[in-house]
Every structure is written in C-alpha cells, then in structure tokens.
Amino acid sequence: MNVAKRLLQITPSAPLALMQKAAQLKESGRDVISLGAGEPDFDTPIPAREAAHAAINGGKTHYTPCPGEKSLRSVIAAKLRRDNGLDYDAAEIVVSNGAKQSLYNAFMALLDPGDIAVIPSPYWVTYPEAVRLVGATPRLLPTAAARGFKPDLLELDVALRGARLFVFNSPCNPTGAVWTRAEIEALGQVLLRHDCWIVTDEIYEKLVFDGATHHSLPAVVKQLRDRTVVVNGLSKAYAMTGWRMGYAAAPRQVAEAMDLVQSHTTSNACSISQHAAQAALECDGRETGLMLDAFARRRRLVIDALKGVRGLTLVPPQGAFYVFPDVSAWLGGKFADATALCDRLLDEVGVAAVSGAAFGDPRCIRLSYATSDELLREALARVGRFLTKHAPAGAAS
Ligand SMILES: Cc1ncc(COP(=O)(O)O)c(C=O)c1O
C-alpha cells in the first residue's frame, strides 16, 4: 500500500531534518554546533510564563472559540494598529498553532487545486510545499543577490499573469532582505494591476537592523487591504517557538473561511498558550529589545567573520537572524553542490548549516546566528578553517 500521491512531490523540511541529525550526532558524543535552527536561543518572557501558570491554575484548560479567545484577538487587533498601522476587528483575526498553520489556513481558504501561487525565490522552505499540499502549483520567481534578493518588478508583473496568489515575506527567511516603504509602494503598484490574493508573512517584523524599518504591505498600499492576509506569530519576536502561537488578519470573509478550515483540522490553538501570548503582546517589549541587541551584536560578528573568507560573497542581511552567503566558488569540484558542502562541513568540523537548495538557491548556504556569542565565534572559526582548507583555485589567501 502506498501513501497518498499528493505526498510524492513534497520534500521534507531541510532545517528540521538537519536539526535532528545534529541532535543525534551530539547525543552520540560528537562536538556539534548547530547554526541550522530557526529559533531564538532565549527564554520566553517572564510575563508570558506567569500567565501560562495562572491559566493552568485558573482552569483555563478547555476548548476556546475556534479562532481564539476574544480577549487575545482584541489584543492582536490593538497590536496591529499600534505597531503596523493596520485596522482589523477582532472578528477578522484567527489565532492558530503557529504562523505555519496560519499559512496553511490561508492557502486552504484561497487556493483551489490547479491555482498558481507566485513565490519569490529564495523562499522559506514551507511556502512551495504548503501550496502543493493544498493541490495548487507554486510558480517560483528567481531573484538575484545583486538586487538584494528582491524580484525585478517587470518580471514579477509577467509572473503574476494568471496567478491566484502572491506570497510576500519581509524580513525574509533565508536572505534577511527587508523591503523599504518605497519598494513596497512600487510592489503595490504591480500587485494592483493583478486580480490576485496576497499573503504577507511578517513573522520577523521585530528583527530588523542597521536602521531598517519593517512596513506592513497593506498599511503602505491601503487599496490592497481587502485582498491581503497578514500572517504573524510569537515564535521569533517573543522566543515562543514551542508554544505554537501564530495568527492571521484578513478581510472578514477570508477570516471566516480560515476559521472553517481550522474548525475541521485542529480546532482552537492551545488555551494556555493563548493566555501566555496575550501577556507577551501586552508586556513592554523590554525582553524583545534585549534579544534584538544580542542579535544585532551577533549579526555584526557573523558579517565581519565571513568578510574575511576569500571567494565568499554575502549580501548583508537587514532582518531576521540568518546570513545566506553564496558559496558557488567552492561548488562543482570537491563539492557537487551546497548540500554536499553542508554535509562535509558537518562531518569534518561539526558545524550544521542548511543548504540553500532547500530555499531555492543551491549556490548558497544558510547560517542562523540565533545561538550564543561564544558558540557562534567557535562555529565561525571552524567554518573559516573549513572553507580555507578547501579553498577554490585562485581564492586561497
Ligand atoms: C518565514 C517564516 N514564516 C513562518 C514561520 C513559522 O513560524 P511558527 O509556525 O513557529 O509561528 C517561520 C519559522 O521558521 C518562518 O521562518
């Protein structure tokens, strides 16, 4: 007996697979540093933890309304107004088990089998697979490092022909690209010419550096508000990956459709996590600020270290907590591709990095700097040694 045909075209999540492999190697006694993880290494803010205890002890352990507690949705609506200049009613918000489920809800609600979803590449691993899982087809739009990994708008205009949906992600995982207000305005002019839905994933909104600012697409291009789903969550900005807290804000009809999908998949997200999320969103942001300071310092550390490696090119990321250097100078000889290079990096020097192939760019590798300064320094020294040892002809220093 075979599993469903739908799964034949689905690739497992490379970052999750790598994390598992790195954990197994560590358990077997190997000295491994993982730069594969997409999660902050900080603890969840204290107010969120205390709210979770209070929820458990106060009996908040039952089903909640499917789209989430009304009080949490009101706090999210206030957050969207305050931080993003977006105007949503609590009834236009659906709380889910992580932003990942919010994305699935949106794709299930908006894409019919055979529909096309345009996804700029490099992309977060889950977008094309989630689109495929709902029976639709991803149309990948390559972008160039030389253009800061942002699509050429003329090419986007062509790619959007006949498409039903556009996926937008700023700050971007894996490239760290952050779109300016002017760039989003220009993007909006293209999107306005096409009759398509937009899903904007803003989960890294708080993690921006070097004076970059996050702008929410429907706040900049207001005419797009009624055909946009804004996806966000608490995993990254509040170090709450394990709590599985994400949410989407969308026009009423779409929010109701996502609620319907969720009512037949998981029902509500965890009641205790919802109370923790409300407390996190209501707290003063001090802990997010401290986390951001640490990420800013580590980002500098990584950029400075990689700058010293001859042959490697890096577009300095402005957001999220990843760098996505181009290692193509090392490929084609000893290493067939970035996946082979990452395998050897792990085997030889015990550093786990994800091949760019998983994100649609097999010339690059993704390193996460969401780990302690000390481990990061050690990992970067090992990466530097490894790349120098295997230096491509002409790049040896
Ligand atoms: C771009 C992007 N969107 C969404 C998610 C999903 O986050 P979660 O489901 O933990 O809320 C991630 C996680 O890595 C991500 O990188």
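I will try to describe carefully the structure that is included in this document. (Residues numbered from 1 in each chain as written. Predicted model: local features only at pLDDT ≥ 70, side-chain atom pairs only at ≥ 80, totals over all residues. Heavy atoms only, no water.)

## Digging into the overall build of the protein chain
Link 1 in the chain: Secondary structure summary: the protein chain contains 13 helices and 12 strands in total.
Link 2 in the chain: Taken over C-alpha atoms, the radius of gyration comes to 21 Å for the protein chain, in line with the 21 Å a tight globule of 397 residues would show.
Link 3 in the chain: Viewed in the frame of its principal axes, the protein chain has a C-alpha envelope of about 60 × 55 × 50 Å.
Link 4 in the chain: Counted over contacts in the protein chain with a minimum sequence separation of 6, partners at least 24 positions apart contribute 74%.
Link 5 in the chain: For the protein chain, the accessible surface area stands at approximately 16,900 Å², while carbon and sulfur atoms represent 53% of it.
Link 6 in the chain: Taken as two groups, the 43 positive and 41 negative side-chain charges of the protein chain have centres that lie 3 Å from each other. (Helix = DSSP H or I, 4+ residues; strand = E, 2+ residues; numbered from the N terminus. Rg over C-alpha atoms; globule rule 2.2 N^0.38 Å. Contact = heavy atoms within 4.5 Å. Areas by Shrake-Rupley, 256 points an atom, 1.4 Å probe, with all protein chains shown as cover. Lys, Arg positive; Asp, Glu negative; His and termini not counted. Charge placed at Lys NZ, Arg CZ, Asp CG, Glu CD.)

## Points about the sheet that holds strand β11 (residues 354–355)
Link 1 in the chain: Strand order in this open sheet of 3 strands is β9-β12-β11, and the pairing throughout is antiparallel. Each edge of the open sheet carries a strand with a single partner, namely β9 (322–323) and β11.
Link 2 in the chain: The sheet contact formed by β9 and strand β12 (residues 365–368) spans 2 bridges and is antiparallel. Its bridge partner being in β12, Tyr-322 is matched across the sheet by Ser-368. (Pairing = 2+ DSSP bridges.)

## Observations concerning the environment of Gly-332
Link 1 in the chain: With respect to the secondary-structure elements, Gly-332 resides in the loop between β9 and α12 (338–349).
Link 2 in the chain: It is 27 Å that separates the C-alpha atoms of Gly-332 and Pro-128, two residues lying 204 residues apart in sequence.

## Considering the site of the ligand
Link 1 in the chain: Surrounding the ligand, one finds 13 residues, the nearest of these being Ala-99, Asp-201, Ser-235, Lys-236 and Arg-244.
Link 2 in the chain: Ala-99 has a polar backbone atom sitting 2.6 Å from an oxygen atom of the ligand.
Link 3 in the chain: A distance of 2.5 Å separates a nitrogen atom of the ligand from a polar side-chain atom of Asp-201.
Link 4 in the chain: About the coverage of the ligand: the protein hides 92% of its 400 Å² of free accessible area.
Link 5 in the chain: Placement of the ligand is best described as lying within the largest pocket.
Link 6 in the chain: When residues in the shell around the ligand are grouped by element, the largest group, 3 residues, is from helix α4 (residues 98–110).
Link 7 in the chain: By residue class, the composition of the shell around the ligand is 5 nonpolar, 4 polar and 4 charged. (Near = heavy atom within 4 Å. Polar contact = N/O pair within 3.5 Å; in protein donor to acceptor, adjacent residues only side chain to side chain. 1 Å grid on protein atoms, 1.4 Å probe; cavity = no way out; pocket = protein on both sides within 12 Å on 5 of 7 lines; lining within 4 Å. Sits in = over half its atoms within 2 Å of the grid points. Nonpolar A, V, L, I, M, F, W, Y, C, P; charged D, E, K, R; others polar.)

## Some details on the sheet that holds strand β3 (residues 116–121)
Think of a sheet as strands paired side by side through backbone hydrogen bonds, with each pair either parallel or antiparallel.
Link 1 in the chain: The mixed open sheet is built from 7 strands, whose spatial order is β2-β8-β7-β6-β5-β3-β4. Whereas interior strands pair on both sides, the edge strands pair on one side only; in this sheet they are β2 (93–96) and β4 (137–142). Between one strand axis and the next, the sheet turns through 20° on average, direction left out of account.
Link 2 in the chain: As defined by bridge partners, strand β6 (residues 197–201) adjoins strand β7 (residues 228–233) across 4 bridges and the pair is classed as parallel. Looking across to β7, one finds that Ile-198 is bridged to Thr-228.
Link 3 in the chain: Packing of helix α3 (residues 70–84) onto the sheet brings it into contact with β2, β7 and β8 (246–249), and relative to β2 it is tilted by some 115°. (Axes fitted to C-alpha atoms, helices over the stretch in contact; angles between N-to-C directions.)

## Some thoughts on the pairing of β6
Link 1 in the chain: Buried residues dominate β6, accounting for 5 of its 5 residues.
Link 2 in the chain: Of the two faces of β6, the one lined by Trp-197, Val-199 and Asp-201 and the one lined by Ile-198 and Thr-200 are each fully buried.
Link 3 in the chain: A crossover connection joins strand β5 (residues 165–169) to the parallel β6 through helix α7 (residues 181–192); in handedness this β-α-β unit is right-handed. (Buried < 20%, exposed > 50% of the residue type's maximum accessible area, 1.4 Å probe, protein only. Right-handed = clockwise from strand over helix to strand, strands pointing away.)

## Some words on the packing of aromatic side chains
Link 1 in the chain: Here the structure, examined in full by the defined rule, presents 12 aromatic pairs.
Link 2 in the chain: When the ring of Phe-324 is compared with that of Phe-359, the centres are 6.0 Å apart and the planes differ by 90°; the resulting orientation is edge-to-face. Of this pair, Phe-324 sits in the loop between β9 and α12 while Phe-359 sits in the loop between β11 and β12, and the two are 35 residues apart along the sequence.
Link 3 in the chain: Classification of Phe-324 by relative accessible area gives buried; the value is 2%.
Link 4 in the chain: When its relative accessible area of 0% is taken as the criterion, Phe-359 is described as buried.
Link 5 in the chain: Grouping aromatic residues by their ring pairs yields a cluster made of Phe-42, Tyr-204, Phe-295, Phe-321, Tyr-322 and Tyr-369. (Phe/Tyr/Trp six-rings, centres within 6.5 Å; stacked < 30°, edge-to-face > 60°.)

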